[in-house]
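Listed below, chain by chain, are the residues.
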Amino acid sequence: MTTIQAVSYPIHFENKAYEELALLLDQKQYSSIFILVDDNTMRCCYPRFMQLLQTTLPMEVLQIDAGEVHKNIDTCIGLWNAMTELGADRKSVLITLGGGVITDLGGFVASTFKRGIDFINIPTTLLSMVDASVGGKTGIDLGVLKNQIGVFANPELIVIDPEFLHTLDPREIRSGSAEIIKYGMTHDQQLFQEITANPEVNIIDLIHRSISIKNEVVLEDPKERGLRKVLNWGHTIGHGVESYFLESPAKENLTHGEAIAIGMICETYLSAKLLEFPTDMVSVVKERLIAIFGKASIEEADLPAIYELMKHDKKNVGGTINFVLLNDIETFKIDCNVPEELILESIRYYAS
Ligand code: GLY
């Protein structure tokens, strides 16, 4: 797989990535390495990573509990304290080894520690490979509100090692495939067909194509002034649903991908209502996504709270909920305003 060059850092694939990582660690003359893991990646990924990591630098492991509920400021304070006690300095480098929580939170911890130290992302989930680890967004949640606190900061290098995917359960792989479906719907019809037909086939190729799409968008609009908002397609309603399920004890847990799949179904419905998206494709998208992700139970009584949570979406300006909608697959329009009643109608369409 060819290397993808992002604005200031390379994204390397498979074995070559470890060679490049060793070269970088050598060239940058770091004083020490801190490796951030959670309890899952400590058990499932760290042993492989240590076998492949070539360095003589002093090393410390920082381990946190796994899960989105730990993506908060308390975890950051714990890590900043641990790094201070363990003697991290401005020439230390933080390697994040994990899924989206680890790469988002680790990037934030590194880029704020002593006004910023280098970090390197080693995403171990499909979701973090194709989305979270790429593009320079770092951050944490504020209560149930996702990614409300954070900074744009780029890693020095990203290692994509598809072997880590074997450590994931199928639900986790499906969660990541939602982001690939998103890239397919917004940029590449063929990718949409392939990922919804059989996500297991040639996954490394699908990952490479997804990262390439994201990288092209980010190169053009790194700070999400306009174009980059397209990467949030499906996420406006999806994040509302995800936050709602997270804070409702009576609801089952949804993965990020499951919530985004709901968002993509609703936002396809809105695209047909408000733009030119072909009406007959709306039910096709719904059927394919429900076949992959299953159907969550959303009742009429849930809608007001989901709508309230959507008001915190970072794309919103001046109290207006801003959507990305599609004229067709591969043709999108950003900053679309949608009336509240239609938003609720789209969620009812999903639930029907
Ligand atoms: N996950 C959306 C973005 O990186 O912009």
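Up top is the structure.
Asks: Looking at this model, I keep getting lost on the packing of aromatic side chains. Mind explaining?
Replies: Note on aromatic pairs: each is described by the distance of the centres and the angle between the planes. Counted according to the given criterion, the structure contains 4 aromatic pairs. Plain terms: the ring middles of Trp80 and Phe108 are 6.2 Å apart, the flat faces sit at 55° to each other, and that makes the pair tilted. Within this pair, whereas Trp80 is found in helix α4 (residues 73-85), its partner Phe108 is found in helix α5 (residues 100-112), the two being separated by 28 residues in sequence. Over the face of the ring belonging to Phe164 we find Arg48, whose NZ or CZ atom lies 6.0 Å from the ring centre. Its guanidinium or amino end placed over the ring of Tyr349, Lys286 lies 4.4 Å from that ring's centre, counting from NZ or CZ.

Asks: Would you mind going over unusual backbone geometry with me for this structure?
Replies: Working note: non-glycine residues mostly have negative phi, and peptide bonds are mostly trans. One non-glycine residue, Lys114, lies in positive phi territory at about 50°. Checked against the element boundaries, Lys114 lands in the loop between α5 and β6 (118-123). One non-glycine residue, Glu330, adopts positive backbone phi at about 80°. Along the polypeptide, Glu330 turns up in the loop between β10 (322-328) and β11 (331-337).

Asks: Help me understand the site of the ligand in this model?
Replies: Near the ligand you find Asp131, Lys137, Lys214, Glu224, Arg228, Leu231 and Asn232, and these make up its full shell. Here an oxygen atom of the ligand and a side-chain polar atom of Lys137 are 2.8 Å apart. Arg228 places a polar side-chain atom, nitrogen or oxygen, 2.8 Å from an oxygen atom of the ligand. Isolated, the ligand exposes 190 Å² of accessible area, and the fraction of that covered by the protein chains is 89%. Broken down by class, the residue content of the shell around the ligand amounts to 1 nonpolar, 1 polar and 5 charged.

Each value, and the rule that gives it
- Residues numbered from 1 in each chain as written.
- Predicted model: local features only at pLDDT ≥ 70, side-chain atom pairs only at ≥ 80, totals over all residues.
- Heavy atoms only, no water.
- Phe/Tyr/Trp six-rings, centres within 6.5 Å; stacked < 30°, edge-to-face > 60°.
- Helix = DSSP H or I, 4+ residues; strand = E, 2+ residues; numbered from the N terminus.
- Lys NZ or Arg CZ within 6 Å of the ring centre and 35° of its normal.
- Near = heavy atom within 4 Å.
- Polar contact = N/O pair within 3.5 Å; in protein donor to acceptor, adjacent residues only side chain to side chain.
- Areas by Shrake-Rupley, 256 points an atom, 1.4 Å probe, with all protein chains shown as cover.
- Nonpolar A, V, L, I, M, F, W, Y, C, P; charged D, E, K, R; others polar.

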